[in-house]
Amino acid sequence: MKDTIRQTSHMLLKSINQQKVLFLIYSEGPISRVELAEKTGLSRQTVTNIVNRLLEDKIIVTGELMDLEVGSGRKRVGLHINSGHYYAIGLELAGKYIRGKVYNLRQEAVASAERTSSKYGSIDVLMQLLHEVIDELLTQVPNPSKIKGIGISMQGLVDSQHGIVLRTPGIGVHRLPLKQLLEGKYHIPVYIENDVNLLSVNENMNGSLKESSNNITIKFDYGTGGAIVQNKQIISGSSFVAGEFGHYKGFYGEDAYPCHCGRSGCLTTLASSSGLSVSIKCTLEEFAEGIRTGDPKFLSLYEKIVNGIAIAVTNIITFINPDSVLMTGRVIPAISPEMFSEIKARVLHELPVTVNNVQLIHLQDKPDETKLAAGLVIKHAFEIPLDTLSL
């Protein structure tokens, strides 16, 4: 029994050490064996053994000689990931479309597929379209056995830990075990995350929020969603709805339109493309055209939407005290080029002096969500299994 435990511990440590080396080659490559030993704390012989295994399996490749020290004249072989050896599928699941791309390990797209629907109507229709996109992508991959996983960025509530969709876009509240269903069909690891959480993580790691520690991201798009980050960690809440700013009560009286959540007056009823479509039977483009032509009805509604968003953001900042708030999505730039500036001015004017050092940021060109979803797969492929260290 002790020998079995000892052997299991040895194999686990070996796996962890290899992941440490692989992660550094992926994130910092080209990198030399000497640097790998220094940064991991492993012996040079251990690093050499790991590198030889990875080279033999063609997971990594050697590159050009690189300077070990500037001006020293000493050279070392640079190691980097074999970008064509593995692939990741990234999917964007939205209210009216499913887009997918296949990426190599350099996150270069090598295949794409898409399906659209005016309304899914049922889980069966949604799953059929999802299968069609995945099946089409698989036919375009040079070697499907090299796919490391499927990442899904989706508009809706997600229990990402268990891969369960709690509210499906275009359908409503369900507990859809999407990870289990897809893994059972394709026998490939599946990772699912809410679209705004995924965007927030990306912006916090290497985007507009990389210098921030405590921030909020709000996306005004097909729906209205958000993400809260504290000390660089996503706050999900006890039932995965923390940051669902779309259901902040922003409108009252005759402007309090019914919301799909069962209440009325939520931000998303007017501050989203689907909300505008349902509440006032108007598209984003029609709304923007009405503002440009000076239609009194649209100008009045525009004022109410700007004011509703500004009040909501002001109160959210006051309660949570972030150092930055990032706003993104199609709604704001589609309605008016001046809309963000007007919201920002009103927020800063109304904020208490104790929190008015907050930075308000508008992200117009957000990353491709299929790429962010594929990044989920790559992250899991190279992450160090820290949760197993206590075994």
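Every value quoted in this text rests on a predicted model; they were computed, and no experiment measured them.

Visitor: Requested: an account of the packing of aromatic side chains, with residues and values cited.
Guide: Under the criterion given, the structure shown has one aromatic pair. Both rings, one in F287 and one in F298, keep their centres 5.5 Å apart while their planes meet at 70°; by these two values the pair is edge-to-face. Placement of F287 in helix α8 (residues 284–292) and of F298 in helix α9 (residues 296–320) is noted, with a sequence separation of 11 residues between them. Stacked on the ring of Y97, the Lys or Arg R99 has its end atom at 3.9 Å from the ring centre. Sitting over the face of the ring of Y86, K148 holds its NZ or CZ atom 4.6 Å from the ring centroid.

Visitor: Break down α9 for me, with residues and values.
Guide: Here α9 spans 36 Å end to end across 25 residues, near enough to the 36 Å set by a 1.5 Å rise per residue. Between the side-chain oxygen of the N-cap and the backbone nitrogen of K297 there are 2.9 Å, and the N-cap of α9 in question is D295. Taken from the residues just after α9, N321 is the one with a positive phi, measuring 55°.

Visitor: So what about the side chain of D159? Which residues, and what values?
Guide: One can find D159 in strand β7 (residues 158–159). Although buried, D159 forms no salt bridge, and the nearest oppositely charged side chain, R175, lies 4.9 Å from it. Those residues in contact with D159, other than ones at most four positions away along the chain, are I164, L166 and F240.

Visitor: Could you give an account of the sheet that holds strand β13 (residues 233–235), with specific residues and numbers?
Guide: The strand order β13-β12-β11-β14-β15 describes an open sheet built from five strands, whose pairing is mixed. Each edge of the sheet is formed by a strand with only one pairing partner; in this case those strands are β13 and β15 (359–363). Here the average twist between neighbouring strands, direction ignored, is 25°. Across five bridges, the pairing between strand β11 (residues 215–220) and strand β14 (residues 324–328) is parallel. Note on β14: the bridge partner recorded for T217 is L326. Against the sheet, α9 touches β11, β12 (224–230), β14 and β15, its axis set at about 160° to β11.

Visitor: Any chance you could break down the side chain of T40 for me, citing the residues and the numbers?
Guide: Inspection of the secondary structure assignment puts T40 in helix α2 (residues 33–40). Of the polar contacts made by the side chain of T40, one reaches the backbone oxygen of L36; its length is 2.6 Å. Looking at T40, its side chain comes within polar contact range of the main-chain nitrogen of L42, at 3.2 Å. When neighbours within four sequence positions are excluded, T40 is seen to be in contact with K20, V21, L24 and V47.

Visitor: Talk me through the packing of α9 against helix α11 (residues 339–350); I want residue IDs and the actual numbers.
Guide: As a packed pair, α9 and α11 sit with axes 9 Å apart at the nearest point and diverge in direction by 45°. Judged by the angle between their axes, α9 and α11 are oblique. Note that α9 runs across α11; the crossing there is right-handed. Packed against α9, whose contacting residues are Y302, E303, I305, V306, N307, I309, A310, V313, T314 and I317, the element α11 presents M339, E342, I343, R346, V347 and E350 at the interface. Its residues placed into classes, the contact of α9 with α11 shows 10 nonpolar, two polar and four charged.

Definitions and cut-offs
Sequence order as written defines residue numbering, which begins from 1 separately in each chain. For a predicted model such as this one, the threshold for reporting local features is a pLDDT of at least 70, and the threshold for listing and counting side-chain atom pairs is 80 or more; totals across whole chains, interfaces and linings nevertheless cover every residue. Side-chain measures here rest on the full set of heavy atoms in the structure, leaving out hydrogens and waters. Two rings belonging to Phe, Tyr or Trp (six-membered ring only in the last case) form a pair when the distance between their centres is within 6.5 Å. Interplanar angles under 30 degrees mark stacking, angles over 60 mark edge-to-face geometry, and anything in between is tilted. Runs of H or I in DSSP of at least four residues are treated as helices and runs of E of at least two as strands, each being numbered from the N terminus. Consider the ring centre and the ring normal. A charge sits over the ring if Lys NZ or Arg CZ is within 6 Å of that centre and within 35 degrees of that normal. An expected span of 1.5 Å times one less than the residue number is assigned to each helix. Polar contacts, as used here, are pairs of N or O atoms within 3.5 Å; protein pairs need one atom able to donate a hydrogen and one able to accept it. Residues neighboring in sequence count only if both atoms are side-chain atoms. A 1.4 Å probe rolled over the protein chains alone gives each residue an accessible area, and that area as a share of the maximum for its type sets the label: buried under 20%, exposed over 50%, partly exposed in between. Working convention for charge: Lys and Arg count positive, Asp and Glu count negative, and His plus the chain ends are omitted. Basic side-chain nitrogens of Lys or Arg form a salt bridge, by our definition, when they fall within 4 Å of a carboxyl oxygen of Asp or Glu. Only heavy atoms matter for contacts: two residues are in contact if any of them lie within 4.5 Å across the pair. Two strands are said to pair when DSSP picks up at least two bridges between them. Axis definition: a line fit to C-alpha positions, over the contact stretch in the case of helices; interaxial angles, taken between N-to-C directions, run 0 to 180 degrees. Reported orientations rely on four angle classes, namely roughly parallel under 35 degrees, roughly antiparallel over 145, roughly perpendicular from 65 to 115, and oblique for the rest. Crossing handedness: left-handed means the near helix sits turned counterclockwise from the far one by under a right angle, and right-handed means the same turn made clockwise. Residues were grouped as follows: Ala, Val, Leu, Ile, Met, Phe, Trp, Tyr, Cys and Pro as nonpolar; Asp, Glu, Lys and Arg as charged; and all remaining residues, including Gly, as polar.

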